[in-house]
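# Fold and geometry: a report
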Amino acid sequence: MTKKIVVLTGLALACVADAKANTNEIDAVYQVVTNRLLVQTRVSDAVKYAERIEKKNGVSREVMTDAIERAIKELYAEEDTSCRSNLRWMAIRLFSELAPQSRVETLARLAEEGSNYCARTAFEGFYRRRKDAAGLSLAARLLERHKGPGMMRGAVWCALSEEAERGLTDERRSQFCAFAERRLESADDVVDADLLLMKISPSYRNGALRKSVCDRVAADGSGRYSADVRRHFSAWTSNDMNMDQRQKGRGE
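Values in this document were obtained by computation on a predicted structure and should not be read as measured data. (Residues numbered from 1 in each chain as written. Predicted model: local features only at pLDDT ≥ 70, side-chain atom pairs only at ≥ 80, totals over all residues. Heavy atoms only, no water.)

### Quick word on the overall build of the chain
For the chain, the helix and strand inventory stands at 13 helices and zero strands. When its helices and strands are written in sequence order, the chain yields α-α-α-α-α-α-α-α-α-α-α-α-α. A fraction of 64% describes how many contacts in the chain between residues 6 or more apart in sequence connect residues 24 or more apart. Surface accessibility of the chain: about 14200 Å² in total, with carbon and sulfur atoms responsible for 53%. (Helix = DSSP H or I, 4+ residues; strand = E, 2+ residues; numbered from the N terminus. Contact = heavy atoms within 4.5 Å. Areas by Shrake-Rupley, 256 points an atom, 1.4 Å probe, with all protein chains shown as cover.)

### Some details on the nonpolar core
Generally speaking, nonpolar side chains in soluble globular proteins are found buried as a group. Val33, Leu38, Met64, Phe123, Leu160 and Phe176 are the most contacted members of the largest nonpolar core, which totals 71 residues. Met64 has contacts with Val29, Val33, Leu37, Ala50, Ile53, Glu54, Val59 and Leu98, leaving out every residue within four places of it along the chain. (Core = buried A, V, L, I, M, F, W, Y, C linked by side-chain atoms within 4.5 Å. Buried < 20%, exposed > 50% of the residue type's maximum accessible area, 1.4 Å probe, protein only.)

### Some details on the environment of Lys211
Structurally, Lys211 is set in helix H12 (residues 208-219). For Lys211, a relative accessible area of 53% translates into the label exposed.

### Structural notes on the packing of aromatic side chains
Working definition: an aromatic ring pair is given by the centre-to-centre distance plus the angle between the planes. Taken as a whole, this structure holds two aromatic pairs when the rule is applied. Relative to Phe179, the ring of Trp157 lies with its centre 5.9 Å away and its plane at 65°, an arrangement referred to as edge-to-face. In this pair, Trp157 sits in helix H8 (residues 151-166) while Phe179 sits in helix H9 (residues 170-183), placing the two residues 22 residues apart along the sequence. Neither residue differs from the other here; Trp157 and Phe179 are each classed as buried. Note that Arg52 overlies the ring of Tyr49, its terminal NZ or CZ placed 5.1 Å from the centroid. A cation sits over an aromatic face here: Arg88 above Tyr76, 5.2 Å from the ring centre. (Phe/Tyr/Trp six-rings, centres within 6.5 Å; stacked < 30°, edge-to-face > 60°. Lys NZ or Arg CZ within 6 Å of the ring centre and 35° of its normal.)

### A short note on the packing of helix H4 (residues 82-98) against helix H6 (residues 117-129)
Between H4 and H6, the shortest axis-to-axis distance is 9 Å and the interhelical angle comes to 5°. Here H6 runs roughly parallel to H4, going by the angle between their axes. Two secondary-structure elements touch here, H4 through Ser85, Arg88, Trp89, Ile92, Arg93, Phe95, Ser96 and Glu97 and H6 through Tyr117, Cys118, Thr121, Ala122, Gly125, Arg128 and Arg129. Among the residues making up the contact of H4 with H6, the classes are represented as six nonpolar, four polar and five charged. (Axes fitted to C-alpha atoms, helices over the stretch in contact; angles between N-to-C directions. Parallel < 35°, antiparallel > 145°, perpendicular 65-115°, else oblique. Nonpolar A, V, L, I, M, F, W, Y, C, P; charged D, E, K, R; others polar.)

### Let's talk about helix H7 (residues 133-145)
One turn of an α-helix holds 3.6 residues; hence residues three or four places apart share an orientation. In this model H7 runs 18 Å from its N-terminal to its C-terminal C-alpha over 13 residues, within 8% of the 18 Å that 1.5 Å per residue would give. Residues of H7 that are buried include every one of Gly135, Leu136, Leu138, Ala139, Leu142 and Leu143, and no others. Taken end-on, H7 shows its buried residues confined to a sector of 160°, consistent with a single buried face. The inward-facing, buried residues of H7 abut helix H5 (105-113), H6, H8 and H9. Backbone nitrogen of Ala134 and a side-chain oxygen of the N-cap are separated by 3.0 Å at the start of H7; the cap is Asp132. (Expected span 1.5 Å × (residues − 1). Arc of directions from axis to C-beta. Polar contact = N/O pair within 3.5 Å; in protein donor to acceptor, adjacent residues only side chain to side chain.)

Here it is in structure tokens:
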């Protein structure tokens, strides 16, 4: 029994020593992150610097990630100045490039907690790393939170549009269509959702769903839809009608 206690005590002390060493290592890397990496003018240079530190000093990617995340947290806690905002932005960009896949949820949290350029950068980083249902789920939450025109909403629709332009698998196209069809119900999103669906779904352009949206916007008298929204659907409806007439004239 005494021997067992001695062994357990030794293991406990070893764990404490490892934890202290790990803390000291994170402290040292944190100093390099704040004094060297975050002041770089280009993200690519900061990434190369970080990778060089890992290789030459035997720093693990987890420790580097811990140090960068600590910098993000401390910079968020300090007074918001243009200088600090720039450092936060670089820290978030570094995190999105270097963090293991298991740690990218931190970016989703940062995106949901803020509304500034750094929050937008966090969303873009998360979406780039999570090309799956989780990325679309965060996009939907952000659209619900940020009503009306704004930086975050623009970032969400831009990310979706750019991915669509690069090409979608059948599964991803199905996810996109489901996402956009849900957003057609929102007055803030109806135009962006319409444009995305016309880009990725050939059956949508002249289908029953788009006709119902056009009819709903045209018939609405509550002021729910802005003049820009009305013009969008009016212009597209006119274009579709003119195209049909041209096709009939050519006997198509």
